[in-house]
Amino acid sequence: MPTYPYICRTCRKRFSRFLTYADYEKAKVTCAHCGSPDVQRRIGRVRFARSEDSRLDSLGDLGDLEGLEDDPRAMAKAFRRMSSELGEDAGPEFNEVINRLESGQSPEEIEQELPDLGGDGGFGDDFGDD
Ligand SMILES: [Zn+2]
């Protein structure tokens, strides 16, 4: 079962939840630290989840991203490796994310500045509302 990383907008702490893919859109996720429902899914697999989830799962090294969250450049490197293993261009948004990671921006900053990244395909910012 995959672990989904979240960040709490209330206390800014990070936590993870185990959710099945089916549960992901239905589940009410609240902060593990303060209980706030105002949590945000952190960047990671969200760019791929819509179409590439199963293929990427088979690569078997996505778990590495968990340890890379505080190292944007290492995360960018991992993204590049995944992209090349997929053998296809992941698109301008993806490349923008990699470029920002390589310039040292945190995934949270990138998510805030590029709201479209998680804003379509059902992964909206307001999934916690109901
Ligand atoms: Zn919190």
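First, a word on scope: everything that follows refers to the structure included in this document. (Residues numbered from 1 in each chain as written. Predicted model: local features only at pLDDT ≥ 70, side-chain atom pairs only at ≥ 80, totals over all residues.)

## Description of the sheet that holds strand β1 (residues 3-8)
What counts is decided by this rule: Should DSSP find at least two bridges between two strands, the strands are taken to pair. Numbering of helices and strands runs from the N terminus, with a helix taken as a DSSP run of H or I at least four residues long and a strand as a DSSP run of E at least two residues long. Each axis is a line fitted through C-alpha atoms, and for a helix only the stretch in contact is used; angles between axes span 0 to 180 degrees, taken between their N-to-C directions.
As summarised here, the arrangement of the 3 strands in space is β2-β1-β3, forming an open sheet in which the pairing is antiparallel. On the outer flanks of this sheet lie β2 (14-18) and β3 (39-41), each paired with one strand and no other. Sheet twist, expressed as the average angle between the axes of neighbouring strands with direction ignored, equals 40°. Bridge count between β1 and β3: 3 bridges; the pairing is antiparallel. In the strand pairing of β3, C8 is matched with V39.

## Quick look at the nonpolar core
Condition: Each nonpolar core consists of buried Ala, Val, Leu, Ile, Met, Phe, Trp, Tyr and Cys residues. Their C-beta atoms, within 7 Å, join them into a set. Whether a residue is buried, exposed or partly exposed is read from the other C-beta atoms within 10 Å of its own C-beta, which are placed from the backbone; 20 or more gives buried, 12 or fewer gives exposed, and intermediate counts give partly exposed. Residue pairs qualify as contacts under a 7 Å threshold applied to their C-beta atoms, which are placed from the backbone.
Counting residues in hydrophobic clusters, the biggest one holds 8 residues: M75, A76, A78, F79, M82, V97, I98 and L101. If one sorts the elements of this core by residue count, helix α3 (residues 72-86) sits on top with 5 residues. The contact partners of L101, leaving out residues within four places of it in the chain, are P72, R73, M75 and A76. Counting 5 residues, the second-largest nonpolar core is a separate cluster that includes Y4, Y6, C31 and V39.

## Here's the deal with the pairing of β1
The alternating pattern of β1 places Y4, Y6 and C8 on a buried face, while none of T3, P5 and I7, on the opposite face, is buried. Connecting β1 to the next strand, β2, in antiparallel fashion are 5 residues, including R12 with a positive phi near 65°.

## Re the packing of α3 against helix α4 (residues 92-102)
Keep this limit in mind: Oblique is the label for every angle not falling under 35 degrees (roughly parallel), over 145 degrees (roughly antiparallel), or within 65 to 115 degrees (roughly perpendicular). Helix crossings fall into two classes, left-handed where the near helix is turned counterclockwise from the far one by less than a right angle and right-handed where it is turned clockwise. Throughout, the ten residues Ala, Val, Leu, Ile, Met, Phe, Trp, Tyr, Cys and Pro are labelled nonpolar, Asp, Glu, Lys and Arg are labelled charged, and all others, Gly among them, are labelled polar.
Relative to each other, α3 and α4 sit at 150°, their axes nearing to 7 Å. The angle between the axes of α3 and α4 places the two elements in the roughly antiparallel class. In the packing of α3 onto α4, the handedness of the crossing is left-handed. Residues P72, R73, M75, A76, F79, R80 and S83 of α3 touch α4, and the partners they reach there are F94, I98, L101 and E102. Residues belonging to the contact of α3 with α4 are distributed by class as follows: 7 nonpolar, 1 polar and 3 charged.

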